[in-house]
Amino acid sequence: MSVMSDDTSVAPPAGATRMQSLRLFAERRRSFWVVLSLLALFTAWEIAGRIPISFAFPTFLDTLAAFFEMVGDGTMIRAFFLTLQPLVLGVAISALLGIGIGIAMGLSDKLEWLFAPVFIVLQAAPMAALVPLVTFVYGIGLVAKTLAVIMLALPVIVLNSYKAVRHVNPSLVDMCRSFQGSRRQQIFRIIIPDASPVLFAGLRLGVAAGFIGVMLAELLITPTGIGDLITYHRSVANYAHMYAAVAAIIAASTVTLALLQWFETNVMRPEKRRS
Amino acid sequence: MNAAALANPALAKDEFDPASIVTNDPVVRVEAISKHYGATEALRSIDLQFERGKLTTLLGPSGCGKTTLLKIIAGLVPATSGRIVVNGRAVTGPGPERAFVFQDFALMPWATVMRNVAFGLELKGRGATERNRIARHYIEEVGLQGFEDKYPHELSGGMRQRVGIARAFSVNADVLLLDEPFSAVDEQNRRKFQEDLLRLVEMERKSFIFVTHSIEEAVYVSDRIVLLSPRPGRVSNVIEPRIDRTANPDDIRRDPGYLDVVEEIWQGLRHYAE
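Everything quoted here is computed from the prediction, not taken from an experiment.

Caption draft 1: Focus on the interface of chain B and chain A. Each side of the interface is counted separately: chain B has 30 residues, and chain A has 21 residues. Summed over the three residues of chain B that lose the most area to chain A, namely B:L76, B:W110 and B:L123, the buried surface amounts to 32% of that side. Across the chain B-chain A interface, the total number found is one salt bridge. Of the charged contacts in the structure, one is a salt bridge between B:E122 and A:R189, with a shortest N-O distance of 2.8 Å. Here chain B and chain A share six residue pairs in polar contact (both at pLDDT 80 or more) between them. Residue assignment for the side of chain B that touches chain A shows that the elements contributing at least two residues are β6 (98–101), α4 (113–123) and α6 (157–170) of chain B. For the side of chain B that touches chain A, the element with the highest residue contribution is α4(B), accounting for five residues. Across the side of chain B that touches chain A, the residue classes break down as 16 nonpolar, four polar and ten charged.

Caption draft 2: Summary view of the packing of helix α4 (residues 60–72) of chain A against helix α5 (residues 75–107) of chain A. Residue and element names in this part refer to chain A. At their nearest, the axes of α4 and α5 sit 4 Å apart, and the two run at 75° to each other. Taken together, the axes of α4 and α5 are roughly perpendicular relative to one another. Between α4 and α5, the residues in contact are F67, M70 and V71 and T75, M76 and I77, respectively. Counted by class, the contact of α4 with α5 contains five nonpolar, one polar and no charged residues.

Caption draft 3: Focus on the pairing of strand β3 (residues 55–59) of chain B. Residues and elements named next belong to chain B. The buried fraction of β3 is high, at five of five residues. Across five bridges, β3 lies against strand β8 (residues 207–212) in parallel orientation. Within β8, the position partnered with L55 by the bridge is F208. As judged from the four bridges shared by β3 and strand β9 (residues 224–229), these two strands associate in the parallel manner.

Caption draft 4: Structural detail: the environment of B:R115. Along the chain, B:R115 turns up in helix α4. Residues B:R115 and B:A168, spaced 53 residues apart in sequence, show a C-alpha to C-alpha distance of 13 Å. Ignoring sequence-local partners within four residues, the contact set of B:R115 consists of A:R189, B:M108, B:W110 and B:E122. Engagement of the side chain of B:R115 in a polar contact is seen with the side chain of B:E122, the distance being 3.0 Å.

Caption draft 5: Structural detail: the sheet that holds strand β7 (residues 175–179) of chain B. Residue and element names in this part refer to chain B. Ordered in space as β6-β7-β8-β3-β9-β10, the six strands form an open sheet in which the pairing is mixed. Of all strands in the sheet, those with a lone pairing partner are β6 and β10 (234–239), marking the two edges. Neighbour-to-neighbour, the strand axes of the sheet open up by a mean angle of 20°, direction not taken into account. Looking at chain direction, β7 and β8 are connected through five bridges and run parallel. Paired with L177 across the strands is I209, a residue of β8. Those strands touched by α6 are β6, β7 and β8, and its axis lies near 175° from that of β6. On the sheet, helix α7 (residues 187–204) packs against β3, β7 and β8 and is oriented at approximately 160° with respect to β8.

What counts and what doesn't
- Residues numbered from 1 in each chain as written.
- Chains lettered and ligands numbered in written order.
- Predicted model: local features only at pLDDT ≥ 70, side-chain atom pairs only at ≥ 80, totals over all residues.
- Heavy atoms only, no water.
- Contact = heavy atoms within 4.5 Å.
- Buried area = accessible area lost by both parts, 1.4 Å probe.
- Salt bridge = Lys/Arg side-chain N within 4 Å of Asp/Glu carboxyl O.
- Polar contact = N/O pair within 3.5 Å; in protein donor to acceptor, adjacent residues only side chain to side chain.
- Helix = DSSP H or I, 4+ residues; strand = E, 2+ residues; numbered from the N terminus.
- Nonpolar A, V, L, I, M, F, W, Y, C, P; charged D, E, K, R; others polar.
- Axes fitted to C-alpha atoms, helices over the stretch in contact; angles between N-to-C directions.
- Parallel < 35°, antiparallel > 145°, perpendicular 65-115°, else oblique.
- Buried < 20%, exposed > 50% of the residue type's maximum accessible area, 1.4 Å probe, protein only.
- Pairing = 2+ DSSP bridges.

Taken by themselves, the reported measurements are silent on function.
This is the structure:
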């Protein structure tokens, strides 16, 4: 590749310069590789659908068409509206509560003894097994589904926040003390900013777990929203529509995590934007 | 300054050392300080006085507790027994009359050079304009002008420690406590650093307590060297190098008086080396 471009730099034909500028673009823009990777995935999907590997496996283009049809007739939007309620509520509660409890556990040994065993057990427990119990107590409404989201998202957020605080650079804390910073200044100006990368990693894992929680709730408690679309279209053998619903929730989850990452690097840790 | 005058330490002492008049006014007094970590005895009954306006070095092999002693003086580590008196008052924690320079720099990676230098003032609630003005002054004094808006990871190790030193200066403390400040800096920059430190000592008229494990560094920068012996840490000797620092750095490093002191300290410490 480099040999070829060296040759063409003497007398570049039109095709070679296009190759070069494409390569330059690829080096500068990470999005190029994202698009390339997605293209490869969708092509493989399309080919697998055309073979077909199973009569219940639609092609990518069929799925895309089904997606736009469902967006067009409003079913997709209505489904997202229903799914996002327990999801946003659950993730918001988990984030606030989880970061709060996690930081408190990191700062205080007593709170660590109180909470750490609980959350370590909760994180290890297969939460899907507990979802029927939630239904038993809270019924099949929004409360039960929100609880399902919290059950999955909260432990990972708590434990990561706790670890984040425990791994704060001790010499930064000493530095703050040596300049007579108050405990409050120490927490808000040193500990939380220094912990924020791990804090955010926990938040991203928590949000991803929240998506799992809401899908479990919608598939195990009562079919509503995206879960309903999946269940219904599977039952009537409308596989393109079923896959479109599955793909839509995966895409929503991916975009949310990417936005979170963007927020972290641009708002919380400005130094990460450079170099 | 000719070499003959330098070779006679006593002579050099007489024309230097204007601060000898305040010997009875120690800026920091260490009184019977002991420190135990569980069953380990880190420091045993240390008594020391640090003269105002002087640079005193705590020197010793690893395990002699020199950093522990410095952190006890800083109020960052509690002593098991004994007390620290700063400006005539016993202290139990960090205070505005002392500022610390950390071995690993302790810079906030998310903050610019400017904010890092001004951080001590920020914690004291000074206004942004005032603290940036003070910070800018010390950024220039340590030779970092033009780097105000850089982040620590964009600087070399030596430049990062300059930020740490500027931060300690900007709070206008009487005593600067430096914990092996140059140990993470490469040899060439280290020498430049030592020369710059002497210039800052001259300009700022503050008291310095400096921890190092380098004999040459100690002799080169110190008015007084406290030798500590290890396990448990005790004061084994106090040496006044009496080097004339008005001479240029290269002459000082070749001065027989300087080399004699280095040798004397090495002879005192060599049996601790394995």
